[in-house]
Amino acid sequence: NEIYLGGLSGTLPKYPVDFATLEARAQQAIAPDLLNYVQGGCGDEHTQRSNVEAFHHWGMVPRMLVDCTVRDLSIRLFGLDLPSPIFMAPIGLNGEMTQDRKGDIAAAKASASTGVPFCASTLSNTPIEDVSQASGQTPLFFQLYTPKDEELARSLISRAEKSGSKALVITLDTWLTGWRPRDLNSANFPQLRGKVLENYFSDPVFRSRLDRPPEDDLAGAVRQWRAIFGKVLTWDDIAWFREATQMPIVLKGICHPEDARRCVDHGIDAIYCSNHGGRQANGGIAAIDMLPAVVEAAGDTPVLFDSGIRSGSDVIKAIAAGAAAIGIGRPYSYGLALGGAEGAAHVLRSILAEADLLLAVNGYPDLASVRKAGLKDLRCSI
Ligand code: FNR
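These lines cover the structure that appears in this document, whether it is placed above or below. Keep in mind that what you see is a predicted model, and the values were worked out from it rather than measured.

**Brief notes about the overall build of the protein chain**
Secondary structure assignment for the protein chain yields 17 helices and twelve strands. For 382 residues, the compact-globule formula gives about 21 Å, and the C-alpha radius of gyration of the protein chain, at 20 Å, lands near that figure. The principal-axis extent of the C-alpha atoms belonging to the protein chain is close to 70 × 55 × 40 Å. Looking at the protein chain residue by residue over its 382 residues, the buried ones come to 49%. Counting only contacts in the protein chain whose residues sit at least 6 apart along the sequence, the fraction spanning at least 24 positions is 72%.

In structure tokens:
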């Protein structure tokens, strides 16, 4: 309403309301090497493109004569009542997306103002304690890249838990970095001078492992932490995590239904179906195409989803495919670059406004009815 009425009275929206315009504007605003990092993916980026394009071969069928004057987008997850089904996916070096290098704080403020949870990355430019404060009343999640050093892993987890994080998201697909030509062909973050990765560097266990103070630039920082980061996890490690935290445990990067079944066998609290936005492995299958099989294998275990969500209709399609909550990635990062907390909040609100309108015009008053209706695979039939 706000945007339509503004348009009628000649006021343009301050930020774009669709992804294509958002990305085009962000391309102008973000320094080239940083843009490579955020926009780029693995190999020739075929999987990354497929993640987005695959949404086009799934469709919803509208229902008529249903009273949808009141719509309900709320969900219940990890025992929390959330006003909408979206959350901000973890993005390392988020901080760099704003001029003051406090992009994680801006994301947390967008979370506070929209009620959309933020999942803070291990690789935040800001310590989790500060991010948590900026999130206000909205629940915060913490994403872990597991260090080889057990005591350090325990410290990162317990700092997140003590600062009020409501879920531990363990990313499985990134114990090393994928083949990313855009980064490899560029001078790789020459502009990243000054404090980076502060969540890591502020950790007392991390600091105790260094023989000298943390280096200021990213290259130096990576040299220093390389030996410590990147534990190769197997199913045998799950019991350790369970013992290390009371937080619900979410495994991120599950795309195979057999892995989803193993998550259920291991009592995982939520399965996070994602291929890291095509940043880790090229030559894969679009994440949305794997979601129905993962949901089926997951049974009653909630399935979170990201990779390729660009709009409100993508959100609703992923819900129809059975996801319990949907991660927004690159779009909010571009929002941060254009307008900090306000820009990110605008992106989230635009996605939610489109999702809400879609429910209205499609005749689905709530997410349960969307799930019940399911999706049509347009490659098979009409
Ligand atoms: C990511 N992603 C990510 N995931 C994670 O678990 N920890 C991290 O630190 C990061 N860092 C990160 C940086 C950047 C620049 C991007 C774009 C992504 C992956 C992220 O959580 C999510 O899976 C993808 O962003 C989903 O793909 P789309 O929808 O953004 O294309």
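**Examining the site of the ligand**
The immediate surroundings of the ligand are formed by 23 residues, with A89, G92, S121, G277 and G329 found nearest. Broken down by class, the residue content of the shell around the ligand amounts to seven nonpolar, twelve polar and four charged.

**A word on the nonpolar core**
Ranked by internal contacts, the top residues of the largest apolar core, which has 111 residues, are L168, I271, C273, L291, V294, A323 and L348. At 15 residues, helix α16 (residues 330-362) tops the list of elements feeding residues into this core. Apart from the residues lying within four places of it in its own chain, the contact partners of L291 are C273, F305, A318, A321, G322 and A323.

**Observations concerning the pairing of strand β8 (residues 249-252)**
Burial along β8 is two-sided: I249 and L251 and V250 and K252, pointing in opposite directions, are all buried. The pairing of strand β7 (residues 168-171) with β8 spans four bridges and is classified as parallel. Note that in β8 the partner of V169 across the bridge is V250. In this structure, β8 lies alongside strand β9 (residues 270-273), joined through three bridges in parallel fashion. The residue of β9 that forms the bridge with K252 is Y272.

**Observations regarding the packing of helix α13 (residues 257-265) against helix α14 (residues 287-298)**
Viewed as axis vectors pointing N to C, α13 and α14 meet at an angle of 30°, and their least axial separation amounts to 8 Å. Compared by their axis directions, α13 and α14 come out roughly parallel. As α13 packs across α14, the resulting crossing turns out to be right-handed. In contact with P257, A260, R261 and V264 of α13, α14 contributes A293, V294, E296, A297 and A298. Its residues assigned to classes, the contact of α13 with α14 comprises seven nonpolar, no polar and two charged.

**Here's the deal with unusual backbone geometry**
In most cases, non-glycine residues show a negative phi, while peptide bonds are predominantly trans. In this model, F78 sits at a positive phi of 55°, which is unusual for a non-glycine residue. Tracing the chain through its elements places F78 in the loop between β2 (75-77) and β3 (80-82).

Rules used throughout
Residues numbered from 1 in each chain as written. Predicted model: local features only at pLDDT ≥ 70, side-chain atom pairs only at ≥ 80, totals over all residues. Helix = DSSP H or I, 4+ residues; strand = E, 2+ residues; numbered from the N terminus. Rg over C-alpha atoms; globule rule 2.2 N^0.38 Å. Buried ≥ 20, exposed ≤ 12 C-beta atoms within 10 Å, placed from the backbone. Contact = placed C-beta atoms within 7 Å. Near = placed C-beta within 6 Å. Nonpolar A, V, L, I, M, F, W, Y, C, P; charged D, E, K, R; others polar. Core = buried A, V, L, I, M, F, W, Y, C linked by C-beta atoms within 7 Å. Pairing = 2+ DSSP bridges. Axes fitted to C-alpha atoms, helices over the stretch in contact; angles between N-to-C directions. Parallel < 35°, antiparallel > 145°, perpendicular 65-115°, else oblique. Left-handed = near helix turned anticlockwise from the far one by under 90°.

Nothing here speaks to function; it is all geometry.
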